[in-house]
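# Notes for the structure review
Single-letter residue listing:
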Amino acid sequence: MSATDVTRRTTAASLREASRASSPDAVDRIGAPKATPHRRRRTPHASEIAYFVVGTVLALLFIAPIVYILFRSFLPANADARGIGLDSLATLTLRNYTKVFDPSVDLRQNIVNSLIVAIAVAVLVALVSTLAAYALSKIRFRGSTTVFVLLLAPLVVPFQGLLTPLSIVLGKLGLLDSLAGVVLVLVTLQVPFSVFVMRNTFDSIPPELEDAAAIDGAGTGRILRSVMLPLAWPGLVTVALFGFMAGWNDLLSSVTFLSTDSKYTLPLALSSISTSFKIPGVPVIDPGLLTAVACVATVPVVVLFLALQRYYTKGLIGGSIK
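Since this is a predicted model, take the numbers as computed values, not measurements. (Residues numbered from 1 in each chain as written. Predicted model: local features only at pLDDT ≥ 70, side-chain atom pairs only at ≥ 80, totals over all residues. Heavy atoms only, no water.)

### Digging into the overall build of the protein
A count of helices and strands for the protein gives 15 helices and two strands. Here the protein holds 322 residues, and the buried ones make up 31% of them. Looking at the protein alone, contacts between residues at least 24 apart form 70% of all its contacts between residues at least 6 apart. (Helix = DSSP H or I, 4+ residues; strand = E, 2+ residues; numbered from the N terminus. Buried < 20%, exposed > 50% of the residue type's maximum accessible area, 1.4 Å probe, protein only. Contact = heavy atoms within 4.5 Å.)

Rendered as structure tokens:
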């Protein structure tokens with residue numbers, strides 16, 4: 001073997017050793033994986049620590065009333081008079097929830113009424129606000145800004161100040177003491193905010209997408225249905241969720257415009273359950289039963305919110321920032 005061949009083989013062996021040493025799964029002579037340098041853990045900044053502490057404190061402040069109401073719903077009616085503390089854990093009872101779900105208290109029709117109102121308000125609010133917001137955002141016409149401002153005007157008027165004129169209008173339409181009248185009132189009250197959210201949502205969508213669809217021959221309806229709505233879905237879910245909550249939690253409209261027991265919504269029926277007549281003709285509030293009623297009425301909204309939280313957060317942020 002010549003000296004040239006030996007040199008070539010030595011050089012090739014050296015290159016192979018260098019390639020193995022540079023590979024991520026290289027091993028040392030005894031077969032152990034090659035040690036890799038440890039990353040130094042980053043020390044959190046003071047601003048990050050402050051953000052975490054402040055966020056935790058605010059979260060606890062928001063959660064505390066909910067925890068208290070839930071805890072109070074398992075206490076007897078006289079718990080407030082005796083004082084609520086750690087010793088109240090020994091007096092926990094299911095009496096309040098047992099009374100709410102007692103077979104003699106038939107809430108099935110009231111639940112159906114509330115579902116009808118809530119779903120109808122959610123669907124109508126989503127439909128009306130989407131059409132109005134798209135016209136105000138993408139279809140420019142003279143006076144569009146004035147129309148938008150007029151739509152937002154009801155937001156500055158207290159609902160209590162509208163009860164008398166609304167009663168007169170519903171009476172002339174023949175909608176007093178009907179679920180349709182309650183739905184119409186709630187939709188009217190929810191549309192201004194929903195139009196505001198949906199208009200800003202449509203404004204955040206690049207106009208080039210609409211132009212490209214128009215070039216392809218799509219009409220206004222097709223553009224709204226196939227291009228805009230898939231992108232505005234978070235905003236649409238947000239306004240529908242707000243509409244559902246308004247219909248499900250409504251009490252003032254039901255008290256004002258409904259007078260037949262069979263048409264009562266769930267909040268109205270539960271409010272009557274939470275009172276007892278210990279003194280003839282004088283209603284006395286049962287605090288434990290009242291908090292249990294509040295917890296029961298909150299469950300569907302909480303479940304719906306948790307299920308749609310992802311869309312709700314995106315829609316609320318996108319609809320509030322132009």
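### Describing a nonpolar patch on the surface
On the surface, Ile49, Phe52, Val53, Val54, Val57, Leu58, Leu61, Phe62, Ile63 and Val67 cluster together into a nonpolar patch covering about 990 Å² of accessible area. You can see Ile63 is positioned in helix α2 (residues 46-72). With a relative accessible area of 44%, Ile63 lands in the partly exposed category. (Patch = residues over 30% accessible without salt bridge, like charges linked within 9 Å, V, L, I, M, F, W, Y side chains within 5 Å. Areas by Shrake-Rupley, 256 points an atom, 1.4 Å probe, with all protein chains shown as cover. Salt bridge = Lys/Arg side-chain N within 4 Å of Asp/Glu carboxyl O.)

### Points about unusual backbone geometry
The phi torsion of most residues other than glycine is negative, and most of the peptide bonds are trans. Positive phi, close to 55°, is recorded for Asp177, a residue that is not glycine. Residue position: Asp177 is located in the loop between α7 (163-173) and α8 (179-203).

### Side note on the packing of α8 against helix α11 (residues 233-249)
Put simply, α8 and α11 touch, their axes get as near as 9 Å, and they point 165° apart. Overall, the two elements α8 and α11 adopt an arrangement that is roughly antiparallel. Here α8 and α11 pass one another in a crossing that is right-handed. Across the interface between the two elements, Leu186, Gln190, Phe193, Ser194, Val197, Met198 and Thr201 from α8 touch Gly235, Leu236, Val239, Phe242, Gly243, Ala246 and Gly247 from α11. Across the contact of α8 with α11, the residue classes break down as eight nonpolar, six polar and no charged. (Axes fitted to C-alpha atoms, helices over the stretch in contact; angles between N-to-C directions. Parallel < 35°, antiparallel > 145°, perpendicular 65-115°, else oblique. Left-handed = near helix turned anticlockwise from the far one by under 90°. Nonpolar A, V, L, I, M, F, W, Y, C, P; charged D, E, K, R; others polar.)

### Focus: the UniProt feature "transmembrane region" (unreviewed entry) in the protein
Sites flagged by UniProt as "transmembrane region" (unreviewed entry) map to residues 49-71, 111-136, 148-173, 179-198, 231-248 and 288-308. Its end C-alpha atoms 37 Å apart, residues 111-136 is made of 100% helix and 0% strand. Helix makes up 100% of residues 179-198 and strand 0%. Its end C-alpha atoms lie 27 Å apart. (UniProt positions renumbered as here; feature names shortened; annotations may be inferred.)

### So, the packing of helix α5 (residues 108-138) against α11
Their axes nearest at 7 Å, the elements α5 and α11 cross at an angle of 145°. Of the two elements, α5 crosses α11, and the hand of that crossing is right-handed. Counting all contacts with α5, which are made through Ile111, Ser114, Leu115, Val117, Ala118, Ile119, Val121, Ala122, Val125, Ala126, Ser129 and Thr130, the residues of α11 involved are Leu236, Val239, Ala240, Gly243, Phe244, Gly247 and Trp248. Taken together, the residues of the contact of α5 with α11 sort by class into 14 nonpolar, five polar and no charged.

### Some words on the side chain of Asn110
Residue position: Asn110 is located in helix α5. In this structure Asn110 comes out as buried when scored by relative accessible area, which is 8%. One polar contact links the side chain of Asn110 to the main-chain carbonyl oxygen of Tyr264, over a distance of 3.0 Å. Those residues in contact with Asn110 that lie beyond four places of it in its chain are Asp261, Tyr264, Thr265, Leu266 and Ala269. (Polar contact = N/O pair within 3.5 Å; in protein donor to acceptor, adjacent residues only side chain to side chain.)

### Brief notes about the side chain of Ser129
Residue placement: Ser129 occurs in helix α5. When its relative accessible area of 0% is taken as the criterion, Ser129 is described as buried. For Ser129, the side chain forms a polar contact with the main-chain oxygen of Val125, separated by 2.5 Å. When near neighbours in sequence (up to four residues on either side) are disregarded, Ser129 contacts Ser194, Val195, Met198 and Val239.

### Focus on the packing of aromatic side chains
Overall, the coordinates contain four aromatic pairs when judged by the stated rule. Each ring, one from Phe74 and one from Tyr97, has its centre 5.0 Å from the other, and the planes form 40°; the classification is tilted. With a gap of 23 residues between them, Phe74 in the loop between α2 and α3 (79-82) and Tyr97 in helix α4 (residues 95-100) connect regions that are remote in the sequence. Arg199 extends its terminal NZ or CZ atom over the ring of Phe148, reaching a point 4.2 Å from the ring centre. (Phe/Tyr/Trp six-rings, centres within 6.5 Å; stacked < 30°, edge-to-face > 60°. Lys NZ or Arg CZ within 6 Å of the ring centre and 35° of its normal.)

### Considerations on the environment of Asp106
For Asp106, the location among the structural elements is in the loop between α4 and α5. Asp106 sits 163 residues away from Ala269 along the chain, and the two C-alpha atoms are 9.8 Å apart.

### Observations regarding the environment of Ala269
Looking at where Ala269 falls in the secondary structure, it is placed in helix α13 (residues 266-273). What makes Ala269 buried here is its relative accessible area of 6%. For Ala269 and Val293, which are 24 residues apart along the polypeptide, the C-alpha to C-alpha distance reads 9.9 Å. Excluding anything up to four places from it in sequence, Ala269 contacts Leu107 and Asn110.

### What to know about the environment of Leu75
Mapping Leu75 onto the fold places it in the loop between α2 and α3. A relative accessible area of 0% means that Leu75 is categorised as buried. Measuring from C-alpha to C-alpha, the distance between Leu75 and Pro287 comes to 9.1 Å, with 212 residues separating the pair along the chain. Sequence-distant contacts of Leu75, that is, excluding residues within four places in its chain, are made with Ile84, Ser88, Thr91, Leu92, Thr93, Asn96 and Gly288.

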